[in-house]
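# Structural overview
Here's the letter readout for the chains.
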Amino acid sequence: MLLEVENLEKSYDGPSGPVRVLQGAGLTLDAGQTLALTGESGSGKSTLLHLVGGLDTADGGTIRLDGQEVTGMGDRPRAALRRTTVGVIFQQFNLIPSLTVADNITFHARLSGPPDAHRVARLTKALGLDDHLHKYPENLSGGQQQRAAIARTLAARPKLVLADEPTGNLDEATAKTVLDEMLDLVTETGAALLMVTHSDTLAARMSRRIHLSQGRLA
């Protein structure tokens, strides 16, 4: 089992006191599996992804990823896990503004080892980035930045891809291409994919689907 989440708890301070976002949430994901996570806006889907990816810390429960307990890690081990094991596709693009598209992609890939030039070339072509590799993020549209961010994550060949509405700024054809590339990565490397989406079309292409409601998964 690649990912196991048990009894996850997370609260945030609100105007009237703590707001419980996750209440005993749990899920499992094997290598090579794909899982769609759905739910109402504000239900805690992004929070769950951030906890699994080591970007935030849980109040309770456990997260075990690739044999390691994420919930017991400090900041540095969690950062190392994101470099070597987890790839996160954010709603915010988080491209490095001082690097070109090409350098953003290869810089991130090098953090986990020598980049696969053939895979990088295939990704940039499939995502329509060939004519934009020399450009800086500020010279790209929102959709182009999103595609660059997706290429950057997939080029590193992570064991687990966490994708938070990865096609939100893309047209239907490009959204299909993006998901195709993610599913190809799963097939080629045995990676797993956990994707937050509001799209029934995208969710239907995943091997499993779970729904988050009132802090619990069903």
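Now for a description of the structure that goes with this document.

Parameters at a glance
- Residues numbered from 1 in each chain as written.
- Predicted model: local features only at pLDDT ≥ 70, side-chain atom pairs only at ≥ 80, totals over all residues.
- Heavy atoms only, no water.
- Core = buried A, V, L, I, M, F, W, Y, C linked by side-chain atoms within 4.5 Å.
- Buried < 20%, exposed > 50% of the residue type's maximum accessible area, 1.4 Å probe, protein only.
- Helix = DSSP H or I, 4+ residues; strand = E, 2+ residues; numbered from the N terminus.
- Contact = heavy atoms within 4.5 Å.
- Salt bridge = Lys/Arg side-chain N within 4 Å of Asp/Glu carboxyl O.

Turning to the nonpolar core, a few remarks are in order. It is characteristic of soluble globular proteins that their nonpolar side chains tend to be buried jointly. In terms of nonpolar packing, the biggest core is built from 33 residues, with Ile 150, Leu 154, Leu 179, Met 182, Leu 193 and Met 195 touching the most fellow members. Of all elements in the fold, only α3 (101-110), α4 (117-126), α5 (142-155), β7 (160-164), α6 (172-189), β8 (192-196) and α7 (200-204) reach the threshold of two or more residues within this core. What Met 195 contacts, discounting residues up to four positions off in sequence, is Leu 35, Ala 36, Leu 37, Ala 163, Pro 166, Leu 179, Leu 202 and Met 206. Leu 51, Val 88, Phe 90 and Ile 210 belong to the second-largest nonpolar core, a separate cluster that totals 31 residues.

Turning next to the environment of Gly 26. Counting through the fold element by element, Gly 26 comes out in strand β2 (residues 17-29). Remark: the alpha-carbon pair of Gly 26 and Lys 45, spanning 19 residues in sequence, is separated by 12 Å. Non-local contacts of Gly 26, meaning those with residues more than four positions away in its chain, are made with Val 5, Glu 6 and Leu 217.

Moving on: α3. Among all positions of α3, only Val 101, Asn 104, Ile 105, Thr 106 and Ala 109 are buried. Tucked inside the fold, the buried residues of α3 contact α4 and α5.

Here we take up the pattern of salt bridges. Summed over all chains, the structure comprises 13 salt bridges. Residue Arg 78 pairs with Asp 75 through a salt bridge whose shortest N-O separation is 2.4 Å. Residue Arg 78 and its partner Asp 75 are located together in helix α2 (residues 75-84), separated by three residues, close to a single helical turn. Judged by relative accessible area, which is 8%, Arg 78 ranks as buried. Since its relative accessible area comes to 58%, Asp 75 is described here as exposed. In this structure, the salt-bridge partner of Arg 205 is Asp 180, at a minimum N-O distance of 2.8 Å. With Arg 205 in the loop between α7 and β9 (208-213) and Asp 180 in helix α6, this pair connects stretches of sequence that are 25 residues apart. We classify Arg 205 as partly exposed; its relative accessible area is 36%. By relative accessible area, which is 21% here, Asp 180 ends up partly exposed. In the salt-bridge network here, residues are joined through shared partners; they are Arg 119, Arg 122, Glu 181, Asp 184 and Glu 188.

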